[in-house]
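Residues per chain are reported as follows:
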Amino acid sequence: MTTLAQILGSEIEAARWMASRARGLVLWNRVAPQDAYRLVEAAVAEHDPAILAELGQVWTLRPEAAESRLPPVLYLTHWLDRDHLVVEDGSTGQAVIRLLTLHAYQLDYWRRQDRL
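Residues numbered from 1 in each chain as written. Predicted model: local features only at pLDDT ≥ 70, side-chain atom pairs only at ≥ 80, totals over all residues. Heavy atoms only, no water.

Asker: Can you walk me through the overall build of the protein in this structure?
Answerer: When helices and strands are tallied, the protein shows five helices and five strands. Helices and strands appear in the protein in the N-to-C order α-α-α-α-β-β-β-β-β-α. Taking 2.2 N^0.38 as the reference for a compact globule, 116 residues should give roughly 13 Å; the C-alpha atoms of the protein span a radius of gyration of 14 Å, in line with that estimate. C-alpha atoms of the protein, sized along the principal axes, occupy 40 × 30 × 30 Å. (Helix = DSSP H or I, 4+ residues; strand = E, 2+ residues; numbered from the N terminus. Rg over C-alpha atoms; globule rule 2.2 N^0.38 Å.)

Set out below in structure tokens:
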């Protein structure tokens with residue numbers, strides 16, 4: 001499975017992203033600072049979309065979910081609310097999915113222009 005450092009291009013970029021996400025947890029979700037980074041580390045290790053999902057990402061269907069009727073690739077375009085995302089899936093155009101659906105997928109990459 002691809003690591004966050006591989007996806008972002010370096011360990012430094014991965015550490016920056018994780019620190020930023022941890023700060024967000026402290027500010028928006030009122031997670032204690034001493035716990036926030038540990039939560040992000042665990043989520044990255046487990047490829048947990050609840051922490052990893054961000055606009056501009058492309059997620060690919062995990063091999064073990066290949067028998068499902070889910071689209072093979074999803075591009076995250078925007079959030080409807082904290083549990084629902086709008087995605088482009090390549091076959092039907094745009095669709096709304098539940099965040100939990102991303103557990104059947106793995107983060108593949110961010111489109112470069114979305115991260116600038």
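Asker: Which parts of the structure should I look at to understand the environment of Ser20?
Answerer: Within the secondary structure, Ser20 is located in helix H2 (residues 11-29). Take Ser20: its relative accessible area is 37%, and that puts it in the partly exposed class. In the structure, Ser20 is positioned 52 residues away from Pro72 in sequence and 29 Å away in space, judged by C-alpha atoms. (Buried < 20%, exposed > 50% of the residue type's maximum accessible area, 1.4 Å probe, protein only.)

Asker: What exactly am I supposed to notice about the pattern of salt bridges here?
Answerer: Any two side chains of opposite charge can pair, on the condition that their charged atoms come close. In total, this model carries three salt bridges according to the counting rule given. Across the salt bridge formed by Glu54 and Arg21, the nearest N and O atoms sit 3.2 Å from each other. With Glu54 in the loop between helix H4 (49-52) and strand E1 (57-61) and Arg21 in helix H2, this pair connects stretches of sequence that are 33 residues apart. Between Arg38 and Asp35 there is a salt bridge, with its nearest N and O atoms 2.5 Å apart. (Salt bridge = Lys/Arg side-chain N within 4 Å of Asp/Glu carboxyl O.)

Asker: Help me understand the sheet that holds E1, please; the structure alone is not making it clear to me.
Answerer: Backbone-to-backbone hydrogen bonds pair the strands of a sheet. The strands run either parallel or antiparallel. Overall, antiparallel pairing links the five strands, which are arranged E4-E3-E2-E1-E5 in an open sheet. In the strand order of this sheet, the two ends are held by strand E4 (94-98) and strand E5 (105-110), each with one partner. Averaged over all adjacent pairs, the angle separating strand axes in this sheet is 40 degrees, with direction ignored. Direction of pairing for E1 relative to strand E2 (residues 73-81): antiparallel, over a ladder of three bridges. Residue pairing for E2: Thr60 is matched across the bridge by Val73. (Pairing = 2+ DSSP bridges. Axes fitted to C-alpha atoms, helices over the stretch in contact; angles between N-to-C directions.)

Asker: Please explain the nonpolar core as it appears in this structure.
Answerer: Nonpolar side chains in soluble globular proteins tend to end up buried together. Counting 31 residues, the largest nonpolar core has Leu4, Trp17, Val40, Trp59 and Leu102 as the members making the most contacts within it. Of all the elements in the fold, those that place two or more residues in this core are helix H1 (4-8), H2, helix H3 (33-46), H4, E1, E2, strand E3 (84-88) and E5. Among the elements that make up this core, the one with the highest residue count is H2 (five residues). For Val40, the residues in contact, after removing those within four places along its chain, are Trp17, Met18, Arg21, Ala22, Leu25 and Ile51. (Core = buried A, V, L, I, M, F, W, Y, C linked by side-chain atoms within 4.5 Å. Contact = heavy atoms within 4.5 Å.)

Asker: Looking at this structure, I do not really get H3. What am I missing?
Answerer: Since the α-helix advances by 3.6 residues per turn, residues separated by three or four positions end up pointing in the same direction. Taking 1.5 Å of rise per residue, 14 residues should cover 20 Å, and H3 covers 21 Å from first to last C-alpha, within 8% of that figure. Looking at the buried positions of H3, the neighbouring elements they touch are H1, H2 and H4. (Expected span 1.5 Å × (residues − 1).)

Asker: Is there a simple way to think about the pairing of E1 in this case?
Answerer: The side chains of a regular strand alternate between the sheet's two faces. Counting buried positions over the five residues of E1 gives five, a clear majority of the element. Two strands pair when backbone bridges link them, and E1 and E5 are joined in this way by five bridges, in the antiparallel orientation. In the strand pairing of E5, Trp59 is matched with Leu107.

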